[in-house]
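What follows is the residue order along each chain.
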Amino acid sequence: MIMNPTIKHLPPKKINSFYPPQRTLMGPGPSEITPRVLAAMSLPCIGYLDPVFVDMMDELKTLLRYVFQTDNQLTFPASGPGSVGMEMCFVNMVNEGDKVIVCRNGVFGGRMIENVERCGGKAIVIEDTWGEPVDPNKLEETLKQHPDTKVVAFVLAETSTGCMSDAKTLVEIAHRYGALTIVDAVTQLAGTPLFVDEWGIDAVYSGSQKCLSCTPGLAPVSFSDRVVALVRNRKERCHSWFMDLDLVLGYWGNTNRTYHHTAPINGLYALHEALLQVREEGLENSWARHTRHYLALKAGLEAMGLEYLVKEEYRLPQLNAVKVPEGIDEARVRKALLEEFNLEIGAGLGPLAGKIWRFGLMGYSAKSENVMLCLSALGSVLMDLGYPVKLGYAEAAAHQSYAEQHAQAAQQKIKAA
Ligand SMILES: *Cc1c(COP(=O)(O)O)cnc(C)c1O
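Remember, it's a predicted structure, so these values are computed and weren't measured experimentally.

### A few points about the site of the ligand
Looking at the ligand, the residues that line it are P81, G82, S83, F108, V155, A157, T159, D184, V186, T187, Q209 and K210. One of the side-chain N or O atoms of D184 is found 2.6 Å from a nitrogen atom in the ligand. The separation between an oxygen atom of the ligand and a polar side-chain atom of T187 is 3.2 Å. Residues belonging to the shell around the ligand are distributed by class as follows: 5 nonpolar, 5 polar and 2 charged.

Below is the structure:
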């Protein structure tokens, strides 16, 4: 008789089911998830080639083409976080020795450089100040010096700084020099305008947990026909088996679907529901809602004497980077907000660590309850730490902003009628 070894690492009996606290999420992602999306996730799991599921996959692709504003056939949710979307672009488009220009104005541009180098490409880095947009003139100069550049990559909405770049202009310049483009739209998607076809973007990736307010771990991606042709004609085999677009297409393509990997079934139900909610609200209304709550939050933060990192014209409404006042321990503020108010906000990264807070207004988190709670909680915590706060001023300024915006909207309705 074969004896099994004795069982080890038996977990103690005192481990209970995990129930997370209810938090208000106003950081750089994840954002809060709507009850509808959470309910969709808890539905029964079915097979990844079940005909009912396959029909749902087709709807998912249609819904993604709407939020990306693209006709690209190759549009689907990659299985994995935004970082997988990023890697899928680079690993399929960059081969040994390829020249890639990366415009870096924050954390995520840095990760693009890593991706280029790990694919064996040569990264030519354009540095811009963190908190400022990518400079189109520098891109043009660099392309003149390196006319053999294959790909230009940049982050449209830099979540580490709250700054938006001008994708249309940057893509137009890249194309003039015959380069393809990879654009990070993780924080942009559904929060601020994105027109993949109009702007001519070749490859774009996003994430499910930012302005789509879905469960983390899915990466909507879209590739133009130019990229599809490049992938079809490449001589080198893609260095990643999991992310090889040729293979993934066997499952996400339009015909003869076969097994590639087990799709995150329930996560895809969630994405379907989240995209349906964007469809019901309307993409433009979703963008407008992010701006509306940003204006109210801004009015309140400024009434408290706080300053934004980014110039107004480049600011992302969905990510508010605000300077920490002199003498305030920023980590203590975040800790108190979390412990006393169940409110999560983001810290600064890299050179901005300790210098800024990041207030996210993404997806379902972009609502007036969150704006008011945030202003009130922040005022309370700052006052505790000796920062001069005039009680109620920030909240009043936010209410005022909402009232002005309502009046403006009413005016426009009268004019239109
Ligand atoms: C969040 C984010 C990512 C990475 O997404 P993950 O889901 O965390 O992997 C990439 N780029 C930007 C701009 C982001 O904000």
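### Digging into the sheet that holds strand β5 (residues 151-155)
Taken in spatial order, the 7 strands line up as β2-β10-β9-β8-β5-β3-β4 in an open sheet, and their pairing is mixed. Looking at which strands have only one partner, the edges of the open sheet turn out to be β2 (74-79) and β4 (122-127). For this sheet the average axis-to-axis angle between neighbouring strands, irrespective of direction, equals 20 degrees. Relative to strand β10 (residues 218-223), strand β9 (residues 203-205) is paired through 3 bridges, and the arrangement is antiparallel. Across the sheet, residue A203 finds its bridge partner in β10, namely F223. Its contacts with the sheet place helix α4 (residues 107-118) against β3 (99-104), β4, β5, β8 (180-184) and β9, and it is angled at close to 165 degrees to β3.

### Re the side chain of N105
Inspection of the secondary structure puts N105 in the loop between β3 and α4. For N105, a relative accessible area of 1% corresponds to the buried category. In terms of polar contacts, N105 uses its side chain to reach the backbone carbonyl oxygen of E132, at 2.9 Å. Those residues in contact with N105 that sit more than four places away from it in its chain are D128, T129, W130, G131, E132, P133, V134, E158, T161 and S165.

### A look at the domain arrangement of the chain
Here the chain is partitioned into domain 1 (35-279) and domain 2 (282-416). Relative placement of domain 1 and domain 2: their C-alpha centres are 29 Å apart. Tallying the contact residues gives 29 residues for domain 1 and 24 residues for domain 2. For the pair domain 1 and domain 2, the summed buried area comes to about 2,100 Å², and 68% of that belongs to carbon and sulfur atoms. For the interface between domain 1 and domain 2, the tally reads 0 salt bridges. Remark: the boundary between domain 1 and domain 2 carries 11 residue pairs in polar contact (both at pLDDT 80 or more). Breaking the side of domain 1 that touches domain 2 down by element, the ones donating at least two residues are α2 (51-68), β6 (157-158), β7 (163-164) and α9 (265-281). In terms of residue class, the side of domain 1 that touches domain 2 is built from 15 nonpolar, 11 polar and 3 charged.

Rules behind the numbers
Residues numbered from 1 in each chain as written. Predicted model: local features only at pLDDT ≥ 70, side-chain atom pairs only at ≥ 80, totals over all residues. Heavy atoms only, no water. Near = heavy atom within 4 Å. Polar contact = N/O pair within 3.5 Å; in protein donor to acceptor, adjacent residues only side chain to side chain. Nonpolar A, V, L, I, M, F, W, Y, C, P; charged D, E, K, R; others polar. Pairing = 2+ DSSP bridges. Helix = DSSP H or I, 4+ residues; strand = E, 2+ residues; numbered from the N terminus. Axes fitted to C-alpha atoms, helices over the stretch in contact; angles between N-to-C directions. Contact = heavy atoms within 4.5 Å. Buried < 20%, exposed > 50% of the residue type's maximum accessible area, 1.4 Å probe, protein only. Domains from an automatic or database assignment. Buried area = accessible area lost by both parts, 1.4 Å probe. Salt bridge = Lys/Arg side-chain N within 4 Å of Asp/Glu carboxyl O.

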